[in-house]
Amino acid sequence: MTVRKDRQLTACHECDLLLQLNITQSSARHYCPRCGMLVRRTVSHGLDKALALSTAGVILFFLANIFPFMSLNAQGQIQESTLVSGSIELFRADQPLLAGLVLLTTLIFPLLDLVGMLYVLGPLKYQRVAPGAVRLYRYLRTLRPWGMLEIFMLGVLVALVKLGDLATVVPGIALYSFGLLIFVLAAASYASDPEWIWNHLEKYR
């Protein structure tokens with residue numbers, strides 16, 4: 001099979017049909033002609049958008065960890081909590097495995113994802129590859145499903161409803177930053193094209 005320079009061979013993820021996709025289009029959706037599944041989605045200026053969103057995500061991440069997450073006012077006693085205080089309390093309650101899991105999925109993995117994407121995508125903007133970027137991006141793709149910010153946020157909202165009858169709950173800056181961070185991470189994931197990143201990592205390395 002002869003492949004044109006502006007085309008790329010890609011197999012459909014559902015039926016394994018071999019397709020030649022036009023890689024010069026800045027924004028396009030490619031569907032399999034046999035099964036109709038989406039094979040590849042390209043976002044216009046995806047690299048710039050992913051870089052901007054990842055940068056915004058790092059800022060929101062630090063805001064979510066610096067400021068109080070929420071404050072509880074029960075009979076005149078005010079208690080503030082931070083994002084990491086949940087893991088600390090689990091450690092104190094003799095549940096180290098659960099505390100470590102919460103710490104990894106809500107703090108460490110999301111931070112590694114954000115900083116790692118900046119490390120990988122930043123040099124690609126200038127047609128360069130950072131040292132170890134190929135291996136790092138492979139690890140990031142493996143760890144990404146373990147970032148469970150949405151599940152943690154859902155648990156926080158359930159707790160807010162239950163605590164509303166016992167104390168006055170005052171949301172903090174960190175809670176709003178954390179909520180925005182979830183949407184920013186989703187948007188950054190949508191803007192980044194893994195196939196484009198892999199191709200350019202191999203091209204410029």
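Residues numbered from 1 in each chain as written. Predicted model: local features only at pLDDT ≥ 70, side-chain atom pairs only at ≥ 80, totals over all residues. Heavy atoms only, no water.

**Q** I would appreciate a short explanation of the side chain of Thr-106 in the present structure.
**A** Within the element layout of this structure, Thr-106 appears in helix H3 (residues 96-125). For Thr-106, a relative accessible area of 3% corresponds to the buried category. Discounting residues that sit within four places of it in the chain, Thr-106 has contacts with Phe-61, Leu-149 and Phe-152. (Helix = DSSP H or I, 4+ residues; strand = E, 2+ residues; numbered from the N terminus. Buried < 20%, exposed > 50% of the residue type's maximum accessible area, 1.4 Å probe, protein only. Contact = heavy atoms within 4.5 Å.)

**Q** Just to check I follow, could you spell out a nonpolar patch on the surface for this structure?
**A** A surface patch of nonpolar side chains, about 390 Å² in accessible area, is lined by Phe-62, Ile-66, Phe-67 and Ile-173. By the secondary structure assignment, Phe-67 is in the loop between helix H1 (46-66) and strand E5 (70-74). Assessed through its relative accessible area of 32%, Phe-67 is described here as partly exposed. (Patch = residues over 30% accessible without salt bridge, like charges linked within 9 Å, V, L, I, M, F, W, Y side chains within 5 Å. Areas by Shrake-Rupley, 256 points an atom, 1.4 Å probe, with all protein chains shown as cover. Salt bridge = Lys/Arg side-chain N within 4 Å of Asp/Glu carboxyl O.)

**Q** In this structure, what is going on with helix H6 (residues 173-191)? I would like to understand it.
**A** Every α-helical turn comprises 3.6 residues, leaving residues that sit three or four positions apart pointing alike. If you check H6, its first and last C-alpha atoms are 27 Å apart, about what 19 residues at 1.5 Å a residue would give, namely 27 Å. If you check which residues of H6 are buried, you get Ala-174, Leu-175, Ser-177, Phe-178, Gly-179, Leu-181, Ile-182, Val-184, Leu-185, Ala-188 and Ala-191. (Expected span 1.5 Å × (residues − 1).)

**Q** How should the pattern of salt bridges be read in this particular structure?
**A** If charged atoms from side chains of opposite charge come close, those side chains can pair. Inspection of the entire model under this criterion finds three salt bridges. Between Lys-125 and Asp-48 there is a salt bridge whose closest N-O contact spans 2.4 Å. In this pair, Lys-125 sits in helix H3 while Asp-48 sits in helix H1, placing the two residues 77 residues apart along the sequence.

**Q** What should I look at first to understand the packing of aromatic side chains in this one?
**A** Here a ring pair, both rings aromatic, is described through the centre-centre distance and the interplanar angle of the planes. Inspection of the entire model under this criterion finds three aromatic pairs. When the ring of Phe-69 is compared with that of Phe-178, the centres are 5.8 Å apart and the planes differ by 75°; the resulting orientation is edge-to-face. In this pair, Phe-69 sits in the loop between H1 and E5 while Phe-178 sits in helix H6, placing the two residues 109 residues apart along the sequence. Across the pair, Phe-178 and Phe-69 agree in class, each one buried. (Phe/Tyr/Trp six-rings, centres within 6.5 Å; stacked < 30°, edge-to-face > 60°.)

Such coordinate-based values are descriptive only and should not be taken to indicate function.
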